[in-house]
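# Structure assessment
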Amino acid sequence: MAQPASVVTARLVSAPAPSRSRIHSAGGFGEPERWRFDWEWSYTRDTWLDQLPTYGILTGLAPDKLAEVVREAGAAVDALGGGFTMRYATVAVAAARTGGT
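This text gives an overview of the structure that appears in the document. (Residues numbered from 1 in each chain as written. Predicted model: local features only at pLDDT ≥ 70, side-chain atom pairs only at ≥ 80, totals over all residues. Heavy atoms only, no water.)

## Topic: the environment of Trp48
Note the following rule: Each helix is a run of DSSP H or I of at least 4 residues and each strand a run of E of at least 2, with the numbering of both proceeding from the N terminus. The buried label applies to any residue whose accessible area, calculated with a 1.4 Å probe on protein chains only, is under 20% of its type's maximum; exposed applies above 50%, and partly exposed to all values in between. Contacts are residue-level and defined by heavy atoms, with any inter-residue pair within 4.5 Å sufficient.
Here Trp48 is to be found in helix α2 (residues 45-51). We classify Trp48 as buried; its relative accessible area is 11%. Taking C-alpha positions, Trp48 is 9.4 Å from Val70, a pair spaced 22 residues apart along the chain. Apart from the residues lying within four places of it in its own chain, the contact partners of Trp48 are Tyr43, Tyr55, Ala73, Val77, Phe84, Met86 and Tyr88.

## So, the pattern of salt bridges
When their charged atoms lie close together, side chains carrying opposite charge are able to pair. Basically, it comes down to this: Salt bridge, as applied in this entry: a Lys or Arg side-chain nitrogen positioned within 4 Å of an Asp or Glu carboxyl oxygen.
According to the stated counting rule, one finds 4 salt bridges in the structure shown. For Asp38, the salt bridge goes to Arg36, with nearest N and O atoms at 2.7 Å. Several salt bridges converge on common partners, so that one network encompasses Arg45, Asp46 and Asp78.

## With respect to the side chain of Glu40
Quick reminder of the rule: Contacts described as polar in this section are N or O atom pairs within 3.5 Å, which, within protein, must combine one atom able to donate a hydrogen with one able to accept it, while residues neighboring in sequence count only if both atoms come from side chains.
If you trace the backbone, Glu40 turns up in strand β2 (residues 33-44). Given the relative accessible area of 17%, Glu40 is considered buried. Within the local environment of Glu40, its side chain forms a polar contact with the side chain of Arg87, the two groups lying 3.4 Å apart.

This is how it looks when you write it as structure tokens:
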């Protein structure tokens, strides 16, 4: 099973204008906050290929086409030395309720 390489950063930044204006226009909420977590996860060939079929468009592929994608992805990971580290960013925008229903 893959293990997290490291949590790189976690920081609070201002919410982007579109999110902020939508939350304000909804009413009943305080000032929105936007949290961003930058992190990494190290994958081996097997752990990458185990989760690959669950990704978006791949879930709708015919079994023979999916097998081809998985086979080619496995060859690509092998060419990288059998594993790699993927960088991710998780973003959340939240605002506290100020009252009302």
